[in-house]
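Below are the chains, spelled out letter by letter.
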Amino acid sequence: MNVAEKRKYPRVQIHNLISYVCLDEGGQPIKRLMGSALDISQGGILLETTQQIEPGNGLLITADEQDQIVEIKGKAAYCRETGPGKFYVGISFQGTHDENIQFVQHMVRANYYRKSSVKSKQL
């Protein structure tokens, strides 16, 4: 059975470490956690974490291929438990279109840069 893709933007598989900061209504940090980004699109990102995240606003922080800090505002749309102590969190980007594109580009470049540097070290 072929299911039609309903997403607005195509997803790119990645595997990057990322920090997520949950923010209160005033924009103040209330919880910080680390996770792995599993896929990304112009509209959002899928994280795998060891902690449950309540839907709401947050800040995504990661390092690009040159180890520069890159961040964007996001909103956790859902959190689904996938196993004991493992959660998938869907986060929609809350930046401008250009900010979203720039963040995605940094994440994808960092993913491929790290993959290629690991392969060259193995040779």
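Residues numbered from 1 in each chain as written. Predicted model: local features only at pLDDT ≥ 70, side-chain atom pairs only at ≥ 80, totals over all residues. Heavy atoms only, no water.

> Looking at this structure, I do not really get the overall build of the chain. What am I missing?
When helices and strands are tallied, the chain shows one helix and six strands. In sequence order, the chain lays out its α and β elements as β-β-β-β-β-β-α. When the 123 residues of the chain are sorted by exposure, 37% land in the buried category. Counting only contacts in the chain whose residues sit at least 6 apart along the sequence, the fraction spanning at least 24 positions is 54%. Carbon and sulfur atoms make up 51% of the accessible area of the chain, which totals about 8,000 Å². (Helix = DSSP H or I, 4+ residues; strand = E, 2+ residues; numbered from the N terminus. Buried < 20%, exposed > 50% of the residue type's maximum accessible area, 1.4 Å probe, protein only. Contact = heavy atoms within 4.5 Å. Areas by Shrake-Rupley, 256 points an atom, 1.4 Å probe, with all protein chains shown as cover.)

> Would you mind showing me how to read unusual backbone geometry here?
The bulk of non-glycine residues show a negative phi, and the bulk of peptide bonds are trans. One non-glycine residue, D67, adopts positive backbone phi at about 60 degrees. On the accessibility criterion, D67 (58% relative accessible area) is exposed.

> What's the story with the packing of aromatic side chains in this structure? I'm lost.
Two aromatic rings, taken as a pair, are described by how far apart their centres are and by the angle between their planes. What the rule picks out here adds up to one aromatic pair. Here F93 and F103 contribute two aromatic rings whose centre-to-centre distance is 5.5 Å and whose plane-to-plane angle is 70 degrees, an arrangement assigned as edge-to-face. Note that F93 is positioned in strand 6 (residues 86-93) and F103 in helix 1 (residues 97-122), a separation of 10 residues in sequence. Accessibility assignment for this pair places F93 and F103 in one class, buried. (Phe/Tyr/Trp six-rings, centres within 6.5 Å; stacked < 30°, edge-to-face > 60°.)

> How should I be thinking about the nonpolar core in this particular structure?
If you look at the biggest cluster of nonpolar residues, it comprises 21 residues, and the most contacted ones within it are Y20, I40, I45, L47, L60 and F103. For this core, the secondary-structure elements that each account for two or more residues are strand 1 (12-23), strand 2 (29-40), strand 3 (44-49), strand 5 (69-83), strand 6 and helix 1. The contacts of L47, once residues within four sequence positions are left out, are I18, Y20, S36, A37, L60, F87, Y88, V89 and I91. (Core = buried A, V, L, I, M, F, W, Y, C linked by side-chain atoms within 4.5 Å.)

> What is the right way to look at the pairing of strand 5 in this model?
Remember that side chains alternate between the two faces of the sheet whenever the strand is regular. Judged from the eight bridges that link them, strand 4 (residues 56-63) and strand 5 form a sheet pairing that is antiparallel. Its bridge partner lying in strand 5, G56 is registered against A76. Hairpin connection from strand 4 to strand 5: five residues lie between these consecutive antiparallel strands, with D67 at a positive phi of about 60 degrees. Hairpin connection of strand 5 to strand 6: two residues between the antiparallel strands, including G85 at a positive phi of 70 degrees. (Pairing = 2+ DSSP bridges.)

> Mind showing me how you'd approach the pattern of salt bridges here?
Any two side chains of opposite charge can pair, given that their charged atoms come close. The full count for this structure, using the stated rule, is three salt bridges. Across the salt bridge formed by E48 and K86, the nearest N and O atoms sit 3.9 Å from each other. One end of the pair, E48, is in strand 3; the other, K86, is in strand 6, with 38 residues separating them in the sequence. Note on E48: relative accessible area 21%, which makes it partly exposed. One salt bridge in this structure joins E65 and R109, with 4.0 Å as the shortest N-O distance. Of this pair, E65 sits in the loop between strand 4 and strand 5 while R109 sits in helix 1, and the two are 44 residues apart along the sequence. (Salt bridge = Lys/Arg side-chain N within 4 Å of Asp/Glu carboxyl O.)

> Help me out: how do you make sense of the environment of D98 in this one?
Its place among the elements puts D98 in helix 1. The spatial distance from the C-alpha of D98 to the C-alpha of Q42 is 9.5 Å, given a sequence separation of 56 residues.

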